Every structure is written in C-alpha cells, then in structure tokens.
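# Observations on the model geometry
The lines below spell out each chain.
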Amino acid sequence: MPILHPNDIVSSEITPPEIYRERRRFMQGMGALAAGAILGVAPEAGAGVKLAGVRASAYSIDEDKTPYKDVTTYNNFYEFGTGKGDPSENAGSLKTRPWTVAVEGEVANPKTYDIDALLKLAPLEERVYRMRCVEGWSMVIPWVGFPLKELIRRAAPTGNARYVEFVTLNDPEQMPGLRRRILSWPYLEGLRLDEAMHPLAILAVGLYGEVLPNQNGAPIRLVVPWKYGFKSAKSIVRIRFVEKPPLTTWMAAAPREYGFYSNVNPEVDHPRWSQARERRIGELSKRDTLMFNGYGAQVAQLYRGMDLQKFF
Ligand SMILES: Nc1nc2c(c(=O)[nH]1)N[C@H]1C(S)=C(S)[C@@H](COP(=O)(O)O)O[C@H]1N2
Ligand SMILES: [Mo]
C-alpha cells in the first residue's frame, strides 16, 4: 500500500473495514493535497488517540452515525454540570490515569483491575448502537468496547449473585458537579445478572475508533443499548455483585419516574411526558420510538412473562 500519510497507516490497521473504505473513498475524491489539509481537522472523528486492533461486530446496526461533534458535545454527565454542553467544557479535570476498577462482592475471583489491563481483557469491538435518552432524544454511536460478560465470566459470580451494581468515581476535586446535591452521589446503576450477561451489554472504552472522551465516561463506562441512556453509567470505578436489586441514583431521586429496569418502551410513558416518539439528534422530524430501542428480537426473552407497566 502506498504510504500517503502517517494517519493513514495507523487507521488502516485499526479501523473496521467498512469505515476505512469510506475514508479512503473520501480521500481519493478530495485529491491528495486537499485530503492532507482536511486530515488536519479530522473529518471523521476527533483528533483523539486511536485504539488499536478494533474488530467490526455483527451486533452493529446499519444506520447513519450521529456526527462525532454531537456525540461529544451534547452530553449528560451531571458530575460535570446539568447543561448539555457542561461535560465537554468541564470534564478536562477528570484524570483517567492511574485508574482502577474494583470487581467485588458475590464472586469467586474479586479483583482490582488497572485500566490498562482491562483494555486487554478481551478483543475490542466496534459496536454501532442506537442510544435513547429518557428525555426524548436519540443518537447512533460507534462505541468501542468489549462484552461485559467477558469480565463477569472471569469474576465467577457465586450462586448468591443476582444483580450487578456499577459505581461512578466520586471525587469532587475532579468532578465539580458533585458539590451540588442534585443527586445522591456516587452515581450508581444496576442490572440483573442475566441482563449484564447479555452479549449486547458492553463496557465501552472508546468511540469513533478513538479513546473515550472524558465527557462520554472515560476511561470506561457501561453501554446497554436497549435501556434508557441513564442506565449506562460513566467513569466506573466499582462493579459489585449483589443479592438484592441496588437502589440506583435515579430510583432514589424519583422512584415514581425511574424504575429499576428502564427498558426503552414507547408504551410506558414517563409520568411527565410521552415516550412514544424521539428526536434523533441532527434530524428535524421525530421518529417513533421502538420497543427495547429496536433490540427486542435479541432481548425480549429476558422479560418474558413480566408486566412491563409494573416493572418499568
Ligand atoms: N456517572 C454518570 N453516568 C451517566 C450520566 C451521569 O449524569 N453520570 N448520565 C446518563 C444519561 S442520562 C445519559 S443519556 C448517558 C449519556 O451518555 P453520552 O453523553 O455518552 O451520550 O449517560 C448516562 N450515564
Ligand atoms: Mo439520559
């Protein structure tokens, strides 16, 4: 392959083939000089650190991706403020090295992982997922990560482990939003063990082929695409296996509004607004929200026989 630009060599090795071909077509169309100039402003993603060895995945959806700019500047991360632009403006104070994630509770193999060991735990995959916020907007995000079940398997849950708790960093020095008591900190989320073992549930360490930006939950965050976005806890420091359903931050804040399951469900409205439709960021007209965010064929069996009005 002719060497055009250092970036080109790197991306050919780590970018999933479909994206790489797209990029090549784009560059060829631009002509070498123009492409060189455009590369400086990174047409496809940010100028972040590329992740090596990322494989494509059959779990990715084939929909237009939300632009990198929107994915990284329109965020919810209350530890850095409640405005959509606050996380991208304020999350520079988050230090993602050194970083450890404690895996503990009802497991045969409790272990505190260094983040760099976690990055090598399992092959990294690109997972292009539809994401739906309970507020009524959605995005399509090319995450990079590995199945949560890879970590669970190594932890070896005991017979008492029925739920998994995910805890975000709780350091007001790095996260100024923690000084405001708008939620009970640390941010805490949970899944039933079988939900956590589902192959769609991932721990994400990147997006758009690059290391996760701080505002998106660096260095490691949960991604559960069939549930409302708030289930996908960011900047995780602790994963605990427990017997009882954990009291999540949003359940503690408003139990009538946020249940434990929080599966995307257009038929169960939020007490204060409808969940039937959504605005895909970047689009003008609204779309119908899909049951389980469009992942019903894969996940509906997890909830067979359950009254989803009651277990919302
Ligand atoms: N620790 C923590 N995790 C969090 C949040 C938060 O405020 N704090 N917000 C949640 C909400 S409401 C959404 S919609 C998603 C947004 O993720 P994104 O900004 O990467 O798109 O993160 C979720 N994870
Ligand atoms: Mo959200």
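In every chain, residue numbers begin from 1 and rise along the written sequence. Chains carry letters from A onward and ligands carry numbers from 1 onward, assigned in written order. Under the rules for a predicted model, residues below a pLDDT of 70 receive no local features and side-chain atom pairs below 80 are neither given nor counted, while totals for whole chains, interfaces and linings still include all residues. Based on all heavy atoms of the structure, the side-chain values leave hydrogens and waters out of the count.

### Topic: the site of ligand 1
By nearness alone, 17 residues border ligand 1, and Asn75, Tyr78, Glu79, Ser232 and Lys234 come closest of all. Residues adjacent in sequence count toward polar contacts only when both atoms are side-chain atoms; beyond that, a polar contact is any pair of N or O atoms within 3.5 Å, and within protein one must be able to donate a hydrogen and the other to accept it. One of the backbone N or O atoms of tyrosine 78 is found 2.8 Å from an oxygen atom in ligand 1. Surface burial for ligand 1 is 95%, taken as the share of its 540 Å² of free accessible area covered by protein chains. For cavity detection a 1 Å grid was placed over the protein atoms alone, and a set of points counts as a cavity when a 1.4 Å probe fits there but cannot get out; an open set counts as a pocket when protein lies on both sides within 12 Å along at least five of seven lines, with lining residues being those that have an atom within 4 Å of a point. Should more than half of a molecule's atoms lie within 2 Å of a pocket's or cavity's grid points, that molecule is taken to sit in it. In this structure the site holding ligand 1 corresponds to the largest pocket. Within the shell around ligand 1, the residues separate by chemical class into eight nonpolar, six polar and three charged. If a single non-hydrogen atom of a residue is within 4 Å of a molecule or strand, that residue counts as near it. For the area figures, the Shrake-Rupley method with a 1.4 Å probe applies, and any residue is considered shielded solely by the protein chains shown. Polar here means any residue other than Ala, Val, Leu, Ile, Met, Phe, Trp, Tyr, Cys and Pro, which are nonpolar, and Asp, Glu, Lys and Arg, which are charged; Gly is therefore polar.

### Examining the nonpolar core
Buried Ala, Val, Leu, Ile, Met, Phe, Trp, Tyr and Cys residues form a nonpolar core when they are joined through side-chain atoms within 4.5 Å. Think of it in three bands: residues with accessible area under 20% of the maximum for their type are buried, residues over 50% are exposed, and the middle band is partly exposed, with areas taken using a 1.4 Å probe on protein chains only. One finds Trp143, Trp226 and Phe241 to be the most contacted residues of the largest nonpolar core, which totals 85 residues. Runs of E in the DSSP output that reach at least two residues are strands. Runs of H or I that reach at least four are helices, and both are numbered from the N terminus. Among the elements that make up this core, the one with the highest residue count is strand 4 (residues 137–147) (seven residues). Contact criterion: two residues are considered in contact whenever any of their non-hydrogen atoms come within 4.5 Å of each other. Not counting the four nearest positions on each side in its chain, phenylalanine 241 is found in contact with Val103, Glu104, Gly105, Glu106, Val107, Ile152, Ala155, Pro157, Ala161, Tyr163, Val164 and Leu193.

### Section: the confidence of the model for the chain
The predicted coordinates should not be examined in detail at positions where pLDDT is low. Confidence in the prediction for the chain averages 89 pLDDT; 86% of positions are at 70 or higher. Scored from 0 to 100, pLDDT records how confident the predictor is in each individual residue. A low-confidence stretch, residues 1–43 (pLDDT under 50), is modelled with 39 contacts involving residues beyond four sequence positions or located in other chains.

### Topic: the pairing of strand 6 (residues 188–192)
Burial analysis of strand 6 places five of its five residues in the buried class, which makes it a mostly covered element. Side chains Leu188, Gly190 and Arg192 of strand 6 all project onto a buried face; the interleaved residues Glu189 and Leu191 project onto the opposite face, where all are buried too. Summarising the sheet, strand 5 (residues 163–168) and strand 6 pair through five bridges and their orientation is antiparallel. The residue bridging valine 164 from the neighbouring strand is leucine 191, located in strand 6. Two strands pair if DSSP finds at least two bridges between them.

### A look at unusual backbone geometry
Look at the link from tryptophan 185 to proline 186: it is a cis peptide, with omega at -5 degrees. Tracing the backbone shows proline 186 in the loop between strand 5 and strand 6. The peptide bond linking alanine 218 to proline 219 adopts the cis configuration, its omega dihedral lying at 0 degrees. A positive phi angle, close to 60 degrees, is found at asparagine 293, a residue other than glycine. Here asparagine 293 is to be found in the loop between strand 12 (287–288) and helix 10 (296–299). Taking relative accessible area as the criterion, asparagine 293 reaches 1% and is therefore assigned buried.

### Observations regarding the side chain of threonine 66
By the element assignment, threonine 66 lies in the loop between helix 3 (32–39) and helix 4 (68–73). Of the polar contacts made by the side chain of threonine 66, one reaches the backbone nitrogen of valine 140; its length is 2.8 Å.

### Re empty space enclosed by the protein
Grid points are joined across faces, edges and corners, and a volume is the space filled by probe spheres set on the points. Counted according to the given criterion, the structure contains two cavities of 30 Å³ or more. In this structure, the second largest cavity spans a volume of roughly 50 Å³. Lining of the second largest cavity is provided by Leu51, Arg97, Ile115, Leu119, Val205, Val211 and Pro219. Taken together, the residues that form the lining of the second largest cavity break down as six nonpolar, no polar and one charged.

### Some thoughts on the sheet that holds strand 6
If you trace the five strands from one edge of the open sheet to the other, you get 2-1-10-5-6, paired in mixed fashion. Only two strands of the sheet have a single partner each, and these edge strands are strand 2 (111–114) and strand 6. Averaged over all adjacent pairs, the angle separating strand axes in this sheet is 15 degrees, with direction ignored. Judged from the four bridges that link them, strand 1 (residues 100–105) and strand 2 form a sheet pairing that is antiparallel. What sits directly across from valine 103, in strand 2, is lysine 111. Every axis corresponds to a line fitted to the C-alpha atoms, with the helix fit spanning only the stretch in contact, and the corresponding angles, defined between N-to-C directions, vary from 0 to 180 degrees. Where helix 7 (residues 148–155) meets the sheet, it contacts strand 1, strand 2, strand 5, strand 6 and strand 10 (236–242), and its direction lies at approximately 60 degrees from that of strand 10.

### Observations concerning the side chain of asparagine 216
Its place among the elements puts asparagine 216 in the loop between strand 8 (210–211) and strand 9 (221–223). Overall, the relative accessible area of 3% leaves asparagine 216 in the buried class. A polar contact is formed between the side chain of asparagine 216 and the backbone oxygen of valine 71, at a distance of 3.0 Å. Not counting residues up to four positions away in its chain, the partners in contact with asparagine 216 are Val71, Thr72, Asn75, Leu207, Arg221 and Lys234.

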